[in-house]
Amino acid sequence: MNLNKLSTLYLHNNQLTGQIPVEVRKLTQLQILRLAENQLEGSVPNSIFELRNLQAFECAKFHCISFLT
């Protein structure tokens, strides 16, 4: 599956478990990533913060909403 042009990914409140996969770095056009209200654990991969187009990132584990500039 080719997700190169995906710009928005809402996965909040889906009862996801485990860690945020480092493969998220392949979503190079991603602007909004919402992962809140899941049971994710571990640290946020640095690759998320390397996404140049990412403007908003929300995660429940760390109870944070980050707006990137």
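Every value quoted in this text rests on a predicted model; they were computed, and no experiment measured them.

1. Describing the overall build of the protein
Logical step 1: Broken down by element type, the protein carries one helix and six strands.
Logical step 2: In the protein, the succession of helices and strands from N to C terminus is β-β-β-β-α-β-β.
Logical step 3: Counting across all 69 residues of the protein, residues that qualify as buried make up 29%.
Logical step 4: Counted over contacts in the protein with a minimum sequence separation of 6, partners at least 24 positions apart contribute 38%.

2. Examining the packing of aromatic side chains
Logical step 1: The full count for this structure, using the stated rule, is one aromatic pair.
Logical step 2: When the ring of Phe49 is compared with that of Phe57, the centres are 5.9 Å apart and the planes differ by 80°; the resulting orientation is edge-to-face.
Logical step 3: Given a relative accessible area of 43%, Phe49 falls into the partly exposed group.

3. Let's talk about the pattern of salt bridges
Logical step 1: This model, assessed by the stated rule, comprises one salt bridge.
Logical step 2: Arg34 is the salt-bridge partner of Glu58, the closest N and O atoms lying 2.8 Å from each other. Pair noted here: Glu58 is in strand E5 (residues 56-59) and Arg34 is in strand E3 (residues 32-35), with a separation of 24 residues, a long-range link.
Logical step 3: Taking relative accessible area as the criterion, Arg34 reaches 25% and is therefore assigned partly exposed.

4. Some thoughts on the environment of Leu11
Logical step 1: For Leu11, the location among the structural elements is in the loop between strand E1 (8-10) and strand E2 (17-18).
Logical step 2: Taking the C-alpha atoms as reference, Leu11 lies 8.5 Å from Asn38; in sequence the two are 27 residues apart.

5. What to know about the pairing of E3
Logical step 1: Residues of E3 alternate between two faces, with Leu33 and Leu35 buried on one and Ile32 and Arg34 left unburied on the opposite face.
Logical step 2: In this structure, E1 lies alongside E3, joined through three bridges in parallel fashion. Of the residues in E3, the one forming a bridge with Thr8 is Ile32.
Logical step 3: Bridging between E3 and E5 involves four bridges; their strand directions are parallel. Looking across to E5, one finds that Ile32 is bridged to Ala56.

What counts and how
- Residues numbered from 1 in each chain as written.
- Predicted model: local features only at pLDDT ≥ 70, side-chain atom pairs only at ≥ 80, totals over all residues.
- Heavy atoms only, no water.
- Helix = DSSP H or I, 4+ residues; strand = E, 2+ residues; numbered from the N terminus.
- Buried < 20%, exposed > 50% of the residue type's maximum accessible area, 1.4 Å probe, protein only.
- Contact = heavy atoms within 4.5 Å.
- Phe/Tyr/Trp six-rings, centres within 6.5 Å; stacked < 30°, edge-to-face > 60°.
- Salt bridge = Lys/Arg side-chain N within 4 Å of Asp/Glu carboxyl O.
- Pairing = 2+ DSSP bridges.

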